[in-house]
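# Coordinates in review
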Amino acid sequence: SQTIHQWPATLVQPVGSPLSLECTVEGTSNPNLYWYRQAAGRGLQLLFYSVGIGQISSEVPQNLSASRPQDRQFILSSKKLLLSDSGFYLCAWSVKGPRAEQYFGPGTRLTVT
Amino acid sequence: AQSVTQLDSHVSVSEGTPVLLRCNYSSSYSPSLFWYVQHPNKGLQLLLKYTSAATLVKGINGFEAEFKKSETSFHLTKPSAHMSDAAEYFCVVRGALNTGRRALTFGSGTRLQVQP
């Protein structure tokens, strides 16, 4: 069966520090991968999606970036965190195809102080 | 483009009474619609999905939703609420097929409280 992992589970970082969140998927190959952010009291916002290694599409311009160095690895990064980057970050995967649902990881709670 | 509106930010019911969480969507094509549930500080779990098959969709934990094209609605229901149903619920519409995105557009969420 497929599983999706995210780490760390929680993170507290000062403003201006770098960020690296990792997401890995097991039990499938060539998935679509997604990063979402959930700000307090709000729905989820798609940040990035990837259909393959090295292929990243950005949905919202911001100081975050994403990379996909391996087929089942998706990394969310920032060189300098802002207070507004605080939130709950969720990684998701899906198989390819028009009707495939997305499966979400456990999430990372990021607090920027 | 597609969008989804959850009509209630908070719903409170008593245990054992019916649950109704309302969702309206906007889409220029035949949409795929989903309901996800999120328990506090947890990831999202898929409850059910509609993908142009049967209009009444049954999901996990006794939830179901009915796709009504004439009303552009996809309301989530459950006959009898349990305490464990207390969570945040998201109505979601899928991205347009021709964009290659396969990404989801989320509603703002409905927090369900279940009173003993």
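Below is a summary of the structure that appears in this document. As the structure is a computational prediction, the values presented were derived from the model and not from experiment.

Thresholds applied
- Position numbers for residues start from 1 in each chain and track the written sequence from start to end.
- Key to labels: chains lettered from A, ligands numbered from 1, both in the order written.
- For a predicted model such as this one, the threshold for reporting local features is a pLDDT of at least 70, and the threshold for listing and counting side-chain atom pairs is 80 or more; totals across whole chains, interfaces and linings nevertheless cover every residue.
- Calculated side-chain values reflect all of the structure's heavy atoms, with hydrogen atoms and water omitted.
- DSSP-based pairing: two strands are paired if at least 2 bridges between them are found.
- The helix count covers DSSP runs of H or I at least four residues long, the strand count covers runs of E at least two residues long, and both are numbered beginning at the N terminus.
- For helices, the fitted line uses only the C-alpha atoms of the stretch in contact; every axis is such a line through C-alpha atoms, and the angle between N-to-C directions lies from 0 to 180 degrees.
- Throughout, a disulfide means two cysteine sulfur atoms within 2.5 Å of one another.
- Only protein chains enter the area calculation, which uses a 1.4 Å probe; residues under 20% of their type maximum are buried, those over 50% are exposed, and those in between are partly exposed.
- Two residues form a contact once any of their heavy atoms are found within 4.5 Å.
- In short, buried area is how much 1.4 Å probe accessible area vanishes from two parts on joining, totalled over both.
- One speaks of a salt bridge when a side-chain nitrogen belonging to Lys or Arg is within 4 Å of a carboxyl oxygen belonging to Asp or Glu.
- Polar contacts here mean pairs of N or O atoms no more than 3.5 Å apart (in protein, one a potential hydrogen donor and the other a potential acceptor; neighbouring residues in sequence count only if both atoms are side-chain atoms).
- In this classification, Asp, Glu, Lys and Arg are treated as charged, Ala, Val, Leu, Ile, Met, Phe, Trp, Tyr, Cys and Pro as nonpolar, and every other residue, Gly included, as polar.
- Remark: nonpolar core denotes a set of buried residues (Ala, Val, Leu, Ile, Met, Phe, Trp, Tyr, Cys) joined through side-chain atoms within 4.5 Å.

### Regarding the pairing of strand β9 (residues 73-78) of chain B
Sheet faces and side chains relate simply in a regular strand, where the side chains alternate between the two faces. All names here are of chain B. With three bridges joining them, strand β3 (residues 19-21) and β9 adopt antiparallel strand pairing. Across the sheet, valine 19 pairs through a bridge with lysine 78, a residue of β9. By the bridge criterion, five bridges tie strand β8 (residues 64-68) to β9 in an arrangement that is antiparallel. Its bridge partner being in β9, lysine 68 is matched across the sheet by serine 73.

### Observations concerning the sheet that holds strand β7 (residues 64-70) of chain A
Residue and element names in this part refer to chain A. Spatially, four strands are ordered β1-β3-β8-β7 in an open sheet, and the strand pairing comes out antiparallel. Bordering the open sheet on either side are β1 (3-7) and β7, each of which pairs with just one other strand. Along the sheet, successive strands turn relative to each other by an average axial angle of 20°, direction set aside.

### Overview of the state of the cysteines
All names here are of chain A. On inspection of all chains with the given rule, the structure shows two disulfides over all chains. The disulfide partner of cysteine 23 is cysteine 91, and the S-S distance across this bridge is 2.0 Å. One quick way to see it: the torsion about the S-S bond of cysteine 23 and cysteine 91 is about -75°, and its sign makes the bridge left-handed. Residue cysteine 23 is located in strand β3 (residues 19-26), and its partner cysteine 91 is located in strand β9 (residues 87-94); the two are separated by 68 residues in the primary sequence. This pair shows no difference in class: cysteine 23 is buried, exactly as cysteine 91 is.

### Quick word on the interface of chain A and chain B
Each side of the interface is counted separately: chain A has 23 residues, and chain B has 25 residues. Together, the buried faces of chain A and chain B total about 1,900 Å²; carbon and sulfur atoms form 49% of this surface. Taken together, the links from chain A to chain B amount to one salt bridge. The salt bridge partner of Lys49(B) is Glu101(A), with a shortest N-O separation of 2.4 Å. There are three residue pairs in polar contact (both at pLDDT 80 or more) connecting chain A and chain B. Among the secondary structure elements, those contributing two or more residues to the side of chain A that touches chain B are β4 (32-38), β5 (44-52) and β9 of chain A. A per-class count over the side of chain A that touches chain B returns 12 nonpolar, six polar and five charged.

### Some words on the nonpolar core
In this structure, Trp35(B), Leu48(B), Phe74(B), Leu76(B) and Tyr89(B) are the most contacted members of the largest nonpolar core, which totals 26 residues. With four residues, strand β10 (residues 87-94) of chain B is the largest single contributor of residues to this core. Those residues in contact with Phe74(B), other than ones at most four positions away along the chain, are Cys23(B), Leu33(B), Phe34(B), Trp35(B), Leu48(B), Tyr50(B), Ala65(B), Glu66(B), Phe67(B) and Cys91(B). In terms of nonpolar packing, the next biggest core, distinct from the first, is built from 19 residues, Cys23(A), Val25(A), Trp35(A) and Leu110(A) among them.

### Notes on the pattern of salt bridges
All names here are of chain B. Enumeration over the complete set of coordinates arrives at seven salt bridges over all chains. In this structure, aspartate 8 engages arginine 22 in a salt bridge whose closest nitrogen and oxygen atoms are separated by 2.9 Å. Highlighted residues: aspartate 8 in the loop between β1 (3-6) and β2 (10-14) and arginine 22 in the loop between β3 and β4 (23-26), separated in sequence by 14 residues. When its relative accessible area of 32% is taken as the criterion, arginine 22 is described as partly exposed.

### Overview of the environment of Asp85(A)
Residues and elements named next belong to chain A. Structurally, aspartate 85 can be placed in the loop between β8 (73-78) and β9. For the pair aspartate 85 and isoleucine 56, spaced 29 residues apart in sequence, the C-alpha separation works out to 20 Å. Among the polar contacts made by the side chain of aspartate 85, one reaches the side chain of asparagine 63 at a distance of 3.1 Å.

### Quick look at the environment of Ala9(A)
Tracing the backbone shows Ala9(A) in the loop between β1 and β2 (10-13). As a C-alpha pair, Ala9(A) and Gly107(A) span 98 residues in sequence and 6.4 Å in three-dimensional space.

So yeah, pure geometry; function would need other evidence.
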